[in-house]
Amino acid sequence: MAFELHPDVSTADTEYGIVLLDGRDGRYLQLNGTAAAAFRALLDGGTVEQAAERLTTTFDVALDRAGQDVERLVAKLVALKVAAA
C-alpha cells in the first residue's frame, strides 16, 4: 500500500520543515527538516527504502539508521491517524 495523507490533513512548509494540521480536531504536528525530507519522499510515491536513501544523500546519516527513522515516522503518522501506509 502506498503512503498517503488523510484527506482532512493539510500541510504547510516552514523554514524548519513541515507542519501538518489535522482538520478533524485542530491538532498539528511539526516535522523537522529530516522528517520533512522523508515525508516528501513518501508523498512523492517513494518507499521507506527510497525515503531512507534520500536522507543519506541530504544528511550525514547511515542508510540503516535512516531506514529506522523513516519507519518510525510512518508508524507515528499512522498511529496518529494522519496517514495510511
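Residues numbered from 1 in each chain as written. Predicted model: local features only at pLDDT ≥ 70, side-chain atom pairs only at ≥ 80, totals over all residues. Heavy atoms only, no water.

Below, the discussion takes up the pairing of strand β2 (residues 9–14). Inspection of the sheet shows β2 paired to strand β3 (residues 17–22) by 6 bridges, in the antiparallel sense. Bridge pairing in β3 links Thr 11 to Leu 20. Hairpin remark: β2 followed by β3, antiparallel, with 2 residues in the connecting loop. (Pairing = 2+ DSSP bridges. Helix = DSSP H or I, 4+ residues; strand = E, 2+ residues; numbered from the N terminus.)

Every other side chain in a regular strand lies on the same face of the sheet, so the side chains alternate between the two faces. Burial along strand β4 (residues 28–32) is one-sided: the face carrying Leu 29 and Leu 31 is buried and the face carrying Tyr 28, Gln 30 and Asn 32 is not. Bridge count between β3 and β4: 5 bridges; the pairing is antiparallel. Across the sheet, residue Leu 21 finds its bridge partner in β4, namely Tyr 28. Counting the residues in the hairpin turn of β3 and β4 gives 5 residues, including Gly 26, whose phi is positive at 80 degrees. (Buried < 20%, exposed > 50% of the residue type's maximum accessible area, 1.4 Å probe, protein only.)

This brings us to the side chain of Asp 22. Note that Asp 22 resides in strand β3. In this structure the side chain of Asp 22 is engaged in a polar contact, spanning 2.8 Å, whose partner is the side chain of Arg 24. Excluding residues that lie within four positions of it along the chain, Asp 22 makes contacts with Asp 8, Val 9, Arg 27 and Val 82. (Polar contact = N/O pair within 3.5 Å; in protein donor to acceptor, adjacent residues only side chain to side chain. Contact = heavy atoms within 4.5 Å.)

What follows covers the packing of aromatic side chains. Think of a pair of aromatic rings as described by two things: how far the centres are apart, and how the planes are tilted against each other in angle. Taken as a whole and judged by the stated rule, the model has 1 aromatic pair. Considering the side-chain rings of Phe 3 and Phe 39, the 6.0 Å spacing of their centres and the 85 degrees angle between planes classify their relative orientation as edge-to-face. Linking Phe 3 in the segment before β1 (4–5) with Phe 39 in helix α1 (residues 33–43), this pair joins segments that are 36 residues apart in sequence. Like Phe 3, the residue Phe 39 is buried in the burial classification. (Phe/Tyr/Trp six-rings, centres within 6.5 Å; stacked < 30°, edge-to-face > 60°.)

Okay, the sheet that holds β4 next. If you walk across this open sheet you meet the 3 strands as β2-β3-β4, and the pairing is antiparallel. Among the strands making up the open sheet, the edge pair consists of β2 and β4. Here the average twist between neighbouring strands, direction ignored, is 20 degrees. Across the sheet, α1 touches β2, β3 and β4, and the angle it forms with β4 is around 100 degrees. (Axes fitted to C-alpha atoms, helices over the stretch in contact; angles between N-to-C directions.)

We now examine the environment of Glu 4. Position of Glu 4 relative to the elements: it lies in strand β1. Residue classification places Glu 4 among the partly exposed residues on the basis of a relative accessible area of 49%. Separated by 31 residues in the primary sequence, Glu 4 and Ala 35 place their C-alpha atoms 15 Å from one another.

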